[in-house]
Amino acid sequence: MATTDFKETAHAVTAETVMGLLGTRPRLLALGEPTHGEDALLEVRNELFRRLVEQEGYRWIAIESDCMMGLVVDDYVTSGVGSLDQVVERGISHGWGTSAANRELVRWMRAHNEGRPASERVRFAGFDGPLEITHAESPRQALTALHGYLAAWVDADLLPCDAETLDRLLGADDRWTDPAAMLDPSRSVGRSPEAEQLRLLADDLVALLDAHTPHLIAQTSREEWDRARLYGRTAVGLLRYHYWMADPSPSRMTRLVGLRDRMMAENLLAIADRGPVLVYAHNAHLQRAKSSMRMGGLLLKWWGAGAIVNAHLGEEGYAFLATALGTIRHQGVDAPSPDTLEGLLYALPEDRYIVDAPRLAIALGDRRLAPRVSPYFGYAPLDPTHLGGIDGIVFFKDVPQS
C-alpha cells in the first residue's frame with residue numbers, strides 16, 4: 001500500500017479535528033500515551049484540553065495518578081487552596097509532579113477558574129488507585145475519611161465500629177506498604193485477621209453510605225457525598241488488592257494488574273456522570289482490546305480500564321485516541337521499520353498529526369503489518385491488530401528529550 005493511499009486521513013491535532021473524527025462528543029474522551037515521562041506528549045494533551053474546554057464544553061481532566069491525592073489538586077484549581085509547587089508535588093503521584101507540563105496544566109486550570117462561577121470551573125481528578133509498581137498504600141486515609149463523614153451525619157448506633165477500632169485494626173502504615181510484599185506474598189498483611197475484619201467493616205460503611213444517600217446529600221452536598229463514595233471505592237479496592245497481594249498462586253500478578261484497572265474503571269465511571277471528561281493515561285490502560293505486558297518473565301493479560309468503561313458506556317459514551325511514536329532517540333528508539341504501523345505513519349512528512357484509525361484500517365485492507373519491537377522497556381509500540389478498536393492515532397514523528 002502506498003503512503004498516498006492513507007495520507008488524506010492525517011490531520012492537525014486540534015479539538016475540531018478530534019470532534020470531526022468522532023462525530024459526537026463522548027462522555028469520556030481517552031487519550032493514551034505509549035511511554036511515560038515525555039513532556040512533549042503532555043504539552044499536546046494540555047493544548048487539546050484547553051481547546052476542548054473553550055470550544056466543546058469539557059470541564060474535567062482525569063489523569064493516571066492517585067485518586068486520593070488528586071483531591072489536593074482539585075481543591076487548588078477550584079478554590080486556590082495551597083501553593084502551586086506544593087500542590088503539584090503532593091497531588092500528582094508516580095513522581096510525575098516534577099513534570100513541567102503537569103505543572104503548567106495545573107497552573108492554567110487555576111488561572112482559568114479565577115473569578116468564574118462553580119458551573120464553569122474546570123476540574124481535576126486522579127483516577128488511579130493509591131498504588132505504585134512496588135507497593136500499595138495503607139487503606140487508612142480512605143477508611144478514616146469515610147468513617148468520619150458518616151459519623152458526622154448518621155446516628156452513631158448505625159456505625160459498624162468506632163474510630164478507635166479502625167485505628168487499632170489498621171496498625172502501623174508501614175505494615176501495609178512494605179515493598180517486599182510485591183514479590184513475596186508471605187510479607188503481605190492482606191490476609192491477616194485484622195485485614196479480614198477491615199474488609200467487612202469497609203463493606204458495611206459503604207452500604208451505610210448508599211442507604212443514607214438522600215439524607216447525606218440533603219445535609220451536606222452532592223460534592224461531599226461524591227467524595228465519600230470515592231473514599232469508599234478506594235478503601236474497598238485497596239483492601240481487596242492487599243488481600244490478593246498475599247495470594248501465593250501463579251495467577252497472583254495477573255489478578256493484581258486486573259484489580260488495579262478495575263479501580264481505575266470505577267473511578268472513571270463515577271467521573272463520567274459529571275463529564276464530559278478528557279482522560280489521559282498509558283495506552284494499555286485505555287485501549288478497548290485486552291492488555292498485556294511481561295513482568296518478571298511472566299506474560300500478563302487482563303482487561304484494562306478502557307475496555308471495562310467502553311463495555312459500560314458503549315461506543316458513543318467512550319472514545320479512544322492512541323498515541324504512537326516514531327523515534328525517542330534519547331531512549332535508544334530509532335526510526336521504525338517500514339513494515340510496522342509506526343513505520344507507515346513515519347513516512348508522512350508531518351511532524352505531528354492525528355490519523356483517522358478506521359479509515360486507515362480500510363486503506364490497509366488485508367495487508368498485515370509487523371509488530372514493532374522496542375529496545376526500550378518503557379515504550380510500548382501499538383499492536384497493529386488493535387487498529388479496529390482505536391478511534392484515532394496521534395502520531396509524533398520524533399519525540400525530543402524533555
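In the block above lies the structure referred to throughout.
Conventions used here
Residues numbered from 1 in each chain as written. Predicted model: local features only at pLDDT ≥ 70, side-chain atom pairs only at ≥ 80, totals over all residues. Heavy atoms only, no water. Core = buried A, V, L, I, M, F, W, Y, C linked by side-chain atoms within 4.5 Å. Buried < 20%, exposed > 50% of the residue type's maximum accessible area, 1.4 Å probe, protein only. Helix = DSSP H or I, 4+ residues; strand = E, 2+ residues; numbered from the N terminus. Contact = heavy atoms within 4.5 Å. Expected span 1.5 Å × (residues − 1). Axes fitted to C-alpha atoms, helices over the stretch in contact; angles between N-to-C directions. Parallel < 35°, antiparallel > 145°, perpendicular 65-115°, else oblique. Left-handed = near helix turned anticlockwise from the far one by under 90°. Nonpolar A, V, L, I, M, F, W, Y, C, P; charged D, E, K, R; others polar. Phe/Tyr/Trp six-rings, centres within 6.5 Å; stacked < 30°, edge-to-face > 60°. Lys NZ or Arg CZ within 6 Å of the ring centre and 35° of its normal. Polar contact = N/O pair within 3.5 Å; in protein donor to acceptor, adjacent residues only side chain to side chain. Pairing = 2+ DSSP bridges.

A. Region of interest: the nonpolar core. In terms of nonpolar packing, the biggest core is built from 45 residues, with Leu29, Phe49, Met109 and Phe124 touching the most fellow members. Per element, the largest residue contribution to this core is eight residues, and it comes from helix H3 (residues 39-56). Excluding residues within four positions of it along the chain, Phe49 makes contact with Trp60, Ile61, Leu105, Trp108, Met109, Val122 and Leu278. In terms of nonpolar packing, the next biggest core, distinct from the first, is built from 38 residues, Leu268, Ile271, Tyr353 and Val355 among them.

B. A look at helix H12 (residues 252-272). Its 21 residues place the ends of H12 30 Å apart at the C-alpha level, agreeing with the 30 Å of an ideal helix rising 1.5 Å per residue. The buried fraction of H12 is high, at 16 of 21 residues.

C. The packing of helix H4 (residues 70-79) against helix H5 (residues 84-91), seen in detail. Remark: H4 packs on H5, axes separated minimally by 8 Å, with the N-to-C direction vectors making an angle of 155°. As judged from the angle between their axes, H4 and H5 are roughly antiparallel. Here the hand of the crossing between H4 and H5 comes out left-handed. Two secondary-structure elements touch here, H4 through Gly70, Val72, Val73 and Tyr76 and H5 through Leu84, Val87, Arg90 and Gly91. Split by residue class, the contact of H4 with H5 holds five nonpolar, two polar and one charged.

D. Expanded view of the packing of H3 against helix H6 (residues 100-113). Put simply, H3 and H6 touch, their axes get as near as 8 Å, and they point 15° apart. For the element pair H3 / H6, the angle class is roughly parallel. When the axes of H3 and H6 are compared, the crossing they make is right-handed. Residue-level contacts link Asp39, Leu42, Glu43, Arg45, Asn46, Phe49, Arg50, Val53 and Glu54 of H3 to Ala100, Ala101, Asn102, Glu104, Leu105, Trp108, Met109 and His112 of H6. Looking at side-chain class alone, the contact of H3 with H6 contains eight nonpolar, three polar and six charged residues.

E. Geometry of the packing of aromatic side chains. For the structure on display, the rule yields four aromatic pairs. An angle of 85° between the planes, with centres 5.2 Å apart, marks the rings of Tyr243 and Trp244 as edge-to-face. Side by side, Tyr243 and Trp244 carry an identical accessibility label, which is buried. Positioned above the aromatic ring of Tyr346 is the side chain of Lys397, whose terminal nitrogen or guanidinium carbon lies 5.2 Å from the ring centre.

F. Quick look at H6. In this model H6 runs 20 Å from its N-terminal to its C-terminal C-alpha over 14 residues, within 8% of the 20 Å that 1.5 Å per residue would give. Turning to H6, its buried residues are Ala101, Asn102, Leu105, Val106, Trp108, Met109, Arg110, His112 and Asn113. Close packing links the buried residues of H6 with H3, strand E3 (60-66), H4, H5 and strand E4 (123-128). Backbone nitrogen of Ala101 and a side-chain oxygen of the N-cap are separated by 3.2 Å at the start of H6; the cap is Ser99. Following H6 by one or two positions, Gly115 has its phi on the positive side, about 80°.

G. Local environment of the pairing of E4. Counting buried residues in E4 gives six out of six residues, a clear majority hidden from the surface. Across five bridges, E3 lies against E4 in parallel orientation. In the strand pairing of E4, Ala62 is matched with Ala125.

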